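Observations on chain architecture
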4 protein chains.
Amino acid sequence: MDYDILDSSLAEKGHLRIEWAASRMPVLAAIRERFETELPLAGVRIGACMHVTTETANLMTTLIAGGAEVALCASNPLSTQDDVAAALVDIGIPTYAVRGEDAETFYAHINAVLDTQPHLVFDDGADMTMVLHKERVEQEVVGGMEETTTGVIRLKAMEADDVLRYPIVAVNDSDTKHLFDNRHGTGQSSLDGILRASNILFAGKRVVVAGFGDCGWGLATRAQGLGADVIVTEIDPIRGVAAAMEGHRVMSGAEAA
Amino acid sequence: MDYDILDSSLAEKGHLRIEWAASRMPVLAAIRERFETELPLAGVRIGACMHVTTETANLMTTLIAGGAEVALCASNPLSTQDDVAAALVDIGIPTYAVRGEDAETFYAHINAVLDTQPHLVFDDGADMTMVLHKERVEQEVVGGMEETTTGVIRLKAMEADDVLRYPIVAVNDSDTKHLFDNRHGTGQSSLDGILRASNILFAGKRVVVAGFGDCGWGLATRAQGLGADVIVTEIDPIRGVAAAMEGHRVMSGAEAA
Amino acid sequence: MDYDILDSSLAEKGHLRIEWAASRMPVLAAIRERFETELPLAGVRIGACMHVTTETANLMTTLIAGGAEVALCASNPLSTQDDVAAALVDIGIPTYAVRGEDAETFYAHINAVLDTQPHLVFDDGADMTMVLHKERVEQEVVGGMEETTTGVIRLKAMEADDVLRYPIVAVNDSDTKHLFDNRHGTGQSSLDGILRASNILFAGKRVVVAGFGDCGWGLATRAQGLGADVIVTEIDPIRGVAAAMEGHRVMSGAEAA
Amino acid sequence: MDYDILDSSLAEKGHLRIEWAASRMPVLAAIRERFETELPLAGVRIGACMHVTTETANLMTTLIAGGAEVALCASNPLSTQDDVAAALVDIGIPTYAVRGEDAETFYAHINAVLDTQPHLVFDDGADMTMVLHKERVEQEVVGGMEETTTGVIRLKAMEADDVLRYPIVAVNDSDTKHLFDNRHGTGQSSLDGILRASNILFAGKRVVVAGFGDCGWGLATRAQGLGADVIVTEIDPIRGVAAAMEGHRVMSGAEAA
């Protein structure tokens, strides 16, 4: 099996962390159980370009439980967890991801996954999709999915120009993405990242949130919940009023700065 | 029986409202039950100068259940509920309270209650206590209690001057007063009063709270909970920081205005 | 001028309250100013079946400022403010609304408004629209608008059956309705109604909210903001998870009861 | 100069982190400025047994700015930041702290600090104070201070038994400790610790907080602010009601388990 990871000896630690994440993913566990008896993906090859993390690892094993063959590369070189990559190779998934890899390696990894001739493409940022539309334009693909808002915006523009080669599901448009992933996931994890980097106490701090979309809404709510004084900047008047009605101050970026 | 109220025919409505309030006062109900068997106040005369409301009415009947004789006048002419006053007279409590009564009547009512020669004085604002210290200085009283912060401040000054004639319990200093009555009771009912008077939507409004004592804390928390942008003014730096750490903006009264 | 109200002498009080409400409606004031110079509704007759309240009164005078002729009846006999109705008649608007009017009067009032031959129909609950589709099927109408979710559901069903006689704007579908009116308006005013009727303290109370649509979301948020322990009942799993992620307990109606 | 740390070469990293922390400690900076001109601690030797962290490092340099000589050991072997210890040695403070040190080393370090013959003892958990009361009972000390609730409880018991050898300031009893350190500091950092260890999303999770003192209050508030469903266990009825009025469910530990 072909693969490119940092260090195979990290597999054990990766397995433990994947297992821990699995214990917090009950819905995926229920799907896996159904997949094991129904095998809806039997014979389907999937190429994925996603964050190589414990959560993605559990998605990969669930797809395999449903009968699929998968290959995985990283959608963001900075989020790759090298121990998880090692564990995925250990269970037989061709994985191409090294934390901090440069742009050349990044594209080499995308091409390595596409070399497995996937029927379906799972994308998170539309990079793999772009390779299929700009370089590997002859390669046959049945369908794809895209996770991010930015990715979907690119794809909608391509659809409008009638250059989309195969149907792509905009995962990003689902209610669960907006209500849970964007709002709560990004809300908490943004704060978590600032906390880990700075060790500051949020209570009493002034926090400026640029934009009151779902991510900004979640972040503002969580910062408020930690005792911060939240200022929101917005250019959309409806969203601005929404922020004000949640108790935040709303001003232009210039005023906030 | 002597009394002075607006209209005896309001008694029926008063009884209904007192009964409703009783259903929301389980702790007082438990005390009443104990009082009925233990009669700890048998033979004790109590003179009360308190808000003549449904809650006070239930306190009065509980004291009677404990064996006491009570007489009641209003501590605030604007809070008197005339139907409750009528109901209290109907169950045999000498009550002196007419909503909106003038200062002369107010003091006449205090004197009428003191004419019943109470052993104990229940006061809410220290007005009855002042009459006992300035005019009726010969009248014997066993002890008293005072409910308000302002009343307790007056009494502490008198104690420091050694002019307090009998021991007085500072109800105001109890944990239940601070944690529940001041914070939650005043917090909600201040907003409730503004709501009833103005019909405004709190979400998105700027609310200035003067002072971050227990009452101000409660009010600020509730206004925040209704979606307002809360500014707190404080002269005590510790309290000011406390407000900031709850997520409020803190400034001087001049800045806030 | 024809009209039917309770008491013309209430007009003065109504004017004061309409003026107060106007001071809290800056967006409408801005529209009114533009209408006064642009007169976009010159020559347009409007028949409205709406809550006869201070807010609607300001909408009516704004429409007149834009050049329209308006006639108004009540969409809900229990929300009519008789002093506002009197003030509207006083400024020359044919108004048909008496608080607590019976069903017969209610429909007589709708017909009185329709007798003014409106080009446009403003509806809040689809009652006037129904009269135009069941009884006055020959009357010409250029277009309508509908404010409520229930009204829009009825109208969508009619559209699907191809029986809608003229185009109707679903005001209810606008972002401002969902984000502000439903969530914040209904959220606060539901609590306000319970407060006025019961005088209970919300802090520490258990509150059950049936359904986590925009109205339920707002109500749950506000009850939580007043210190209540909130339980949400939901049949839609996505909405149920949304409620859980806001910190509410989610259960079936049977469990909550 | 005598000292015991892990690795002197970590000093540079320690300096950077101490400097960062200093930028978030404006009150201490103001004190330091005053100390530099007033030198209130000139000639005073201080022995400190505290968490060897960036914050303590800034306290130490501030004391030195005030004219003091200080020596420092760790109050908790697990909180020691080895790079900070190295930086402290680098600026000339006798520091005795190695992350994870065993009990024997822990007490050797306390004795090393006491060998500097401090006039004042700064303690965080009363371990240094205990050594001075059980083993080094002849050593002269002018006074001490104690930071923790548990430490103060031990000291109050000793005071009641009349065995306290010198006056000790209970820092723990100050308003700033209760209102800010316990409530906000511990509230946020407890959650932060759980986040870093588990990577779970708090929104929608059930969180049980044992005890509603200042720390528990802060933790419950922050967990609620992150979208958790909070249960509080309490044995003190007043505190239990306080928790209920903040919107938490209150139950016994057995029920919560």
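Throughout this description, residue numbers start from 1 for each chain and increase along the sequence as written. Throughout, the order in which chains and ligands are written sets their labels, letters from A for the former and numbers from 1 for the latter. Totals for whole chains, interfaces and linings use all residues, but because this is a predicted model, local features are given only for residues with pLDDT of at least 70 and pairs of side-chain atoms are given and counted only at 80 or more. Hydrogens are left out, water is left out, and the side-chain values use all remaining heavy atoms of the structure.

Runs of E in the DSSP output that reach at least two residues are strands. Runs of H or I that reach at least four are helices, and both are numbered from the N terminus. When helices and strands are tallied, chain A shows 11 helices and nine strands. C-alpha atoms define the radius of gyration in this analysis, and the globule rule sets the expected value at 2.2 Å times the number of residues to the power 0.38. For chain A, whose C-alpha radius of gyration is 20 Å, the value lies close to the compact-globule estimate of 18 Å for 257 residues. Seen through its C-alpha atoms, chain A measures out along the principal axes to roughly 55 × 45 × 40 Å. Only protein chains enter the accessibility calculation, which uses a 1.4 Å probe. A residue is then buried if its area is under 20% of the maximum for its type, exposed if over 50%, and partly exposed in between. The buried share among the 257 residues of chain A stands at 51%. In chain A, the proportion of contacts linking residues at least 24 apart, taken out of those at least 6 apart, comes to 61%. When the accessible area of chain A is evaluated, it comes to approximately 11800 Å², of which 55% is carbon and sulfur surface. Both charge centroids of chain A, one from 20 positive and one from 38 negative side chains, sit 7 Å from each other. In this analysis, two residues are considered to be in contact whenever any of their non-hydrogen atoms come within 4.5 Å of each other. We get accessible surface area from the Shrake-Rupley algorithm with a probe of 1.4 Å; when it comes to residues, only the shown protein chains can shield them. The sign given to each residue is positive for Lys and Arg and negative for Asp and Glu; His and the chain ends receive no count. Charged groups are reduced to one reference atom each: NZ for lysine, CZ for arginine, CG for aspartic acid, CD for glutamic acid.

Residue and element names in this part refer to chain B. Paired strands are those between which DSSP finds at least two bridges. Ordered by their spatial adjacency, six strands build an open sheet running E3-E2-E1-E4-E5-E6, and the pairing between neighbours is parallel. Where the open sheet ends on each side, the last strands, each with one partner, are strand E3 (95-96) and strand E6 (168-170). Direction of pairing for strand E1 (residues 45-50) relative to strand E2 (residues 69-74): parallel, over a ladder of six bridges. Bridge pairing in E2 links Ala 48 to Leu 72. Under this scheme, a helix contributes an axis fitted over its contacting stretch, all axes are lines through C-alpha atoms, and angles between N-to-C directions fall in the 0 to 180 degree range. Against the sheet, helix H5 (residues 103-114) touches E1, E2, E3 and strand E4 (120-123), its axis set at about 170 degrees to E2.

Pairing of aromatic rings covers Phe, Tyr and Trp, the last counted by its six-membered ring, and requires centre-to-centre distances within 6.5 Å; plane angles under 30 degrees mean stacked, over 60 mean edge-to-face, and any other angle means tilted. Counted by the stated rule, this structure contains eight aromatic pairs over all chains. Ring plane angle 85 degrees and centroid distance 5.1 Å describe the contact between Phe106(C) and Tyr107(C), whose orientation is recorded as edge-to-face. When its relative accessible area of 9% is taken as the criterion, Phe106(C) is described as buried. Geometrically, the ring pair formed by Phe212(D) and Trp217(D) is stacked, given 4.6 Å between the ring centres and 25 degrees between the ring planes. You'll find Phe212(D) and Trp217(D) in the same group, each marked buried. Here, a charge over a ring is recorded when the distance from Lys NZ or Arg CZ to the ring centre is within 6 Å and its angle to the ring normal is within 35 degrees. A cation over an aromatic ring shows up here: Arg24(A) above the ring of Trp20(A), its NZ or CZ 5.1 Å from the ring centre.

Only residues with pLDDT of at least 70 in both copies contribute their C-alpha atoms to the least-squares superposition of the copies. In the superposition of chain D on chain C (RMSD 0.0 Å, axial shift 0.0 Å), the rotation amounts to 180 degrees. Taken together, the turn and the small shift mark the pair as related by a two-fold rotation axis. Minimal C-alpha separation from the rotation axis in chain D is found for Asp229(D), amounting to 4.7 Å. Most of the interface of chain D is mirrored in chain C: 100% of its interface residues are interface residues there too.

On to the relation of the copies chain D and chain A. Between the two copies of the chain lies a relationship made up of a rotation around an axis and a movement along it. If you rotate chain D by 180 degrees and push it 0.0 Å along the axis, it lands on chain A with an RMSD of 0.0 Å. When the interface residues of chain D are mapped onto chain A, 100% of them again lie at the interface, so the same face is used by both copies.

When its domains are assigned, chain A resolves into domain 1 (8-173) and domain 2 (184-256). Here the C-alpha centre of domain 2 of chain A lies 31 Å away from the C-alpha centre of domain 1 of chain A. Segmentation of the chain into domains, including their bounds, is taken from an automatic or database domain assignment.

On to the interface of chain D and chain C, then. Contacts between the two partners involve 11 residues from chain D and, on the opposite side, 11 residues from chain C. When two parts are brought into contact, each loses some accessible area as probed by a 1.4 Å sphere; the total of that loss over both is the buried area. Roughly 850 Å² is buried in total at the junction of chain D and chain C, and carbon and sulfur atoms are behind 58% of that figure. Per-residue buried area on chain D facing chain C is highest for Met245(D), Gly247(D) and Arg249(D); these three make up 44% of the total on that side. Between Lys or Arg on one side and Asp or Glu on the other, a salt bridge is scored when a side-chain nitrogen of the former is within 4 Å of a carboxyl oxygen of the latter. Between chain D and chain C we count zero salt bridges in total.

In the cavity and pocket records, a cavity denotes points on a 1 Å grid over the protein atoms alone where a 1.4 Å probe fits but cannot get out, a pocket denotes an open set with protein on both sides within 12 Å along at least 5 of 7 lines, and lining residues are residues with an atom within 4 Å of a point. Grid points are joined across faces, edges and corners, and a volume is the space filled by probe spheres set on the points. Considering all chains together, one arrives at five cavities of 30 Å³ or more under this definition. The space that makes up the largest cavity amounts to roughly 1000 Å³. Lining of the largest cavity is provided by 43 residues; of these, Gln224(A), Gln224(B), Gln224(C), Gly225(C) and Gln224(D) occupy positions nearest its centre. Residue assignment for the lining of the largest cavity shows that the elements contributing at least two residues are helix H8 (175-198) and helix H9 (214-225) of chain A, helix H8 (175-198) and helix H9 (214-225) of chain B, helix H8 (175-198) and helix H9 (214-225) of chain C together with helix H8 (175-198) and helix H9 (214-225) of chain D. Amino acids outside the nonpolar list (Ala, Val, Leu, Ile, Met, Phe, Trp, Tyr, Cys, Pro) and the charged list (Asp, Glu, Lys, Arg) are all regarded as polar, and Gly is one of them. In the lining of the largest cavity, the residues fall into six nonpolar, 25 polar and 12 charged.

Our next topic: H9(B). Residue and element names in this part refer to chain B. An ideal rise of 1.5 Å per residue puts 16 Å on 12 residues; H9 measures up with 16 Å between its terminal C-alpha atoms. Within the sequence span of H9, burial applies to Gly 216, Trp 217, Gly 218, Leu 219, Ala 220, Arg 222, Ala 223 and Gly 225. Two residues or fewer past H9, Gly 227 is found with a positive phi of approximately 95 degrees. Helix span, as expected, comes to 1.5 Å for every residue beyond the first.

It is worth spelling out the sheet that holds strand E4 (residues 120-123) of chain D at this point. All names here are of chain D. Spatially, six strands are ordered E3-E2-E1-E4-E5-E6 in an open sheet, and the strand pairing comes out parallel. Because the sheet does not close on itself, it has two edges, and the strands there are strand E3 (95-96) and strand E6 (168-170). As defined by bridge partners, E4 adjoins strand E5 (residues 143-146) across four bridges and the pair is classed as parallel. Note that in E5 the partner of Val 121 across the bridge is Gly 144.

Turning to unusual backbone geometry, a few remarks are in order. One can expect most non-glycine residues to show negative phi and most peptide bonds to be in trans. A positive phi is found at Leu39(B), a non-glycine position, where the angle reads about 45 degrees. Note on placement: Leu39(B) falls in the loop between helix H2 (26-38) and E1. For Leu39(B), a relative accessible area of 43% puts it in the partly exposed group. Phi at Asn199(C) takes a positive value of approximately 60 degrees, unusual for a residue other than glycine. A relative accessible area of 52% places Asn199(C) in the exposed class.

Moving on, we come to the pattern of salt bridges. This structure, assessed with the given rule, holds 36 salt bridges over all chains. A salt bridge links Glu246(A) to Arg183(C), with the shortest nitrogen-to-oxygen separation between them at 3.9 Å. Of this pair, Glu246(A) sits in the loop between helix H10 (237-245) and strand E9 (249-251) while Arg183(C) sits in helix H8, on two different chains. Note on Glu246(A): relative accessible area 16%, which makes it buried. Residue class for Arg183(C) comes out buried when judged on its relative accessible area of 8%. Residue Asp115(D) pairs with Arg136(D) through a salt bridge whose shortest N-O separation is 2.7 Å. With a gap of 21 residues between them, Asp115(D) in the loop between helix H5 (103-114) and E4 and Arg136(D) in the loop between helix H6 (127-134) and E5 connect regions that are remote in the sequence. With a relative accessible area of 17%, Arg136(D) lands in the buried category.

A few words now on the environment of Glu33(A). Residue and element names in this part refer to chain A. Residue position: Glu 33 is located in helix H2 (residues 26-38). Given a relative accessible area of 58%, Glu 33 falls into the exposed group. In this structure the C-alpha to C-alpha distance between Glu 33 and Thr 62, which are 29 residues apart in sequence, comes to 8.6 Å.

With that settled, the discussion passes to the interface of chain D and chain A. The interface of chain D with chain A comprises 20 residues on the first partner and 20 residues on the second. Joining chain D to chain A, the criterion identifies zero salt bridges. Polar contacts here mean pairs of N or O atoms no more than 3.5 Å apart (in protein, one a potential hydrogen donor and the other a potential acceptor; neighbouring residues in sequence count only if both atoms are side-chain atoms). Where chain D packs against chain A, one counts 14 residue pairs in polar contact (both at pLDDT 80 or more). Elements that contribute at least two residues to the side of chain D that touches chain A include exactly H8 and H9 of chain D. Looking at which element gives the most residues to the side of chain D that touches chain A, the answer is H8(D), with seven residues.

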